[in-house]
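Examination of the molecular architecture
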Amino acid sequence: MTDQPGWHIAQINVARLIAHPDDPAVAGFMGMLDGINALAEQSDGYIWRLQGDSGNAVDLQPTPDPRFVVNMSVWRDPASLFDFVYRSAHTPVMARRREWIERMDNAYQALWWVPAGHVPSVDEGLAALWRLDRFGPSPHAFTFKHQFPQPGVVTPPVDWNPDPWCMGRA
């Protein structure tokens, strides 16, 4: 798929930790965040990621639940995001997520197109998750299993064949 200039891909993923972020039960996860974030920032196609005062987004609380964490980023194109998620040192960490993260019944990851230069808000990301969860994949919120083209491109959704254990629902 050829990307026209002017559009980037945004992603959100959310989780509910098995314990409070300060609890030793999630220390392994918390200890890997800085390295994974640094890996993202050094990856080809990386543009932006959500950060709080700690340098990651765990200290941001978009809900009253302190165990609910959010991660958001913007990438040049779906291929660069896919390579980071499924073909880097991020992948084995993601494969271990059940050690620290509760299983979710709702959508926990969504992708959507944003105009180049746009920094999405947490509310925008949560809205994309809501749309995906309520209506399924669409041009407004999708997954790597059903990735829609950028606005103005008329092609069917593409299946990037993500690992089954890493799809939009856990």
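Refer to the structure printed above.
A sheet is described by the order of its strands in space; here 4 strands give the open sequence β2-β3-β1-β4, paired in antiparallel fashion. At either margin of the open sheet sits one strand with a lone partner, and together these are β2 (46-49) and β4 (109-115). Ignoring strand direction, the axes of neighbouring strands in this sheet form an average angle of 25°.

The next thing to look at is the nonpolar core. One finds I12, V14, L50, M72 and W112 to be the most contacted residues of the largest nonpolar core, which totals 21 residues. Sequence-distant contacts of I12, defined by excluding residues within four places in its chain, comprise V70, N71, M72, Y108, Q109, A110, W112, V122, G125, L126 and L129. By size, the runner-up hydrophobic cluster in this structure holds 17 residues, among which are I36, Y46, W75 and V93.

With that settled, consider empty space enclosed by the protein. Leftover empty space is mapped by rolling, across the atoms, a probe with the size of a water molecule. Applying the stated criterion across every chain, the model contains 1 cavity of 30 Å³ or more. Approximately 730 Å³ is the volume attributed to the largest cavity. Along the walls of the largest cavity sit 37 residues, with N13, F29, N71, H90 and I101 positioned nearest its centre. Residue assignment for the lining of the largest cavity shows that the elements contributing at least two residues are β1 (7-16), α1 (27-42), β2, β3 (68-75), α2 (78-86) and α3 (90-95).

In this section: the environment of L111. By the secondary structure assignment, L111 is in strand β4. When its relative accessible area of 0% is taken as the criterion, L111 is described as buried. For the pair L111 and F142, spaced 31 residues apart in sequence, the C-alpha to C-alpha distance is 5.2 Å. The contacts of L111, once residues within four sequence positions are left out, are I9, A10, Q11, L81, H140, A141, F142, T143 and F144.

Here we take up the packing of aromatic side chains. All told, the structure shown has 8 aromatic pairs when counted by the stated rule. Taken together, a centroid distance of 5.9 Å and an interplanar angle of 40° make the contact between F29 and W100 tilted. Taken together, the positions of F29 in helix α1 and W100 in the loop between α3 and β4 put the pair 71 residues apart, joining distant regions of the chain. Residue F29 is classed as buried on the basis of its relative accessible area of 15%. For the pair F82 and Y86, a centre-to-centre distance of 4.6 Å together with 40° between the ring planes defines the contact as tilted. One end of the pair, F82, and the other, Y86, are both in helix α2, 4 residues apart, so they sit about a helical turn from each other. Exposure remark for F82: the relative accessible area of 4% places this residue in the buried category. Since its relative accessible area comes to 10%, Y86 is described here as buried. An aromatic cluster is present here, built from Y46, W75 and F84 joined pairwise through their rings.

Thresholds, definitions, all that
- Residues numbered from 1 in each chain as written.
- Predicted model: local features only at pLDDT ≥ 70, side-chain atom pairs only at ≥ 80, totals over all residues.
- Heavy atoms only, no water.
- Pairing = 2+ DSSP bridges.
- Helix = DSSP H or I, 4+ residues; strand = E, 2+ residues; numbered from the N terminus.
- Axes fitted to C-alpha atoms, helices over the stretch in contact; angles between N-to-C directions.
- Core = buried A, V, L, I, M, F, W, Y, C linked by side-chain atoms within 4.5 Å.
- Buried < 20%, exposed > 50% of the residue type's maximum accessible area, 1.4 Å probe, protein only.
- Contact = heavy atoms within 4.5 Å.
- 1 Å grid on protein atoms, 1.4 Å probe; cavity = no way out; pocket = protein on both sides within 12 Å on 5 of 7 lines; lining within 4 Å.
- Points joined across faces, edges and corners; volume = space filled by probe spheres on them.
- Phe/Tyr/Trp six-rings, centres within 6.5 Å; stacked < 30°, edge-to-face > 60°.

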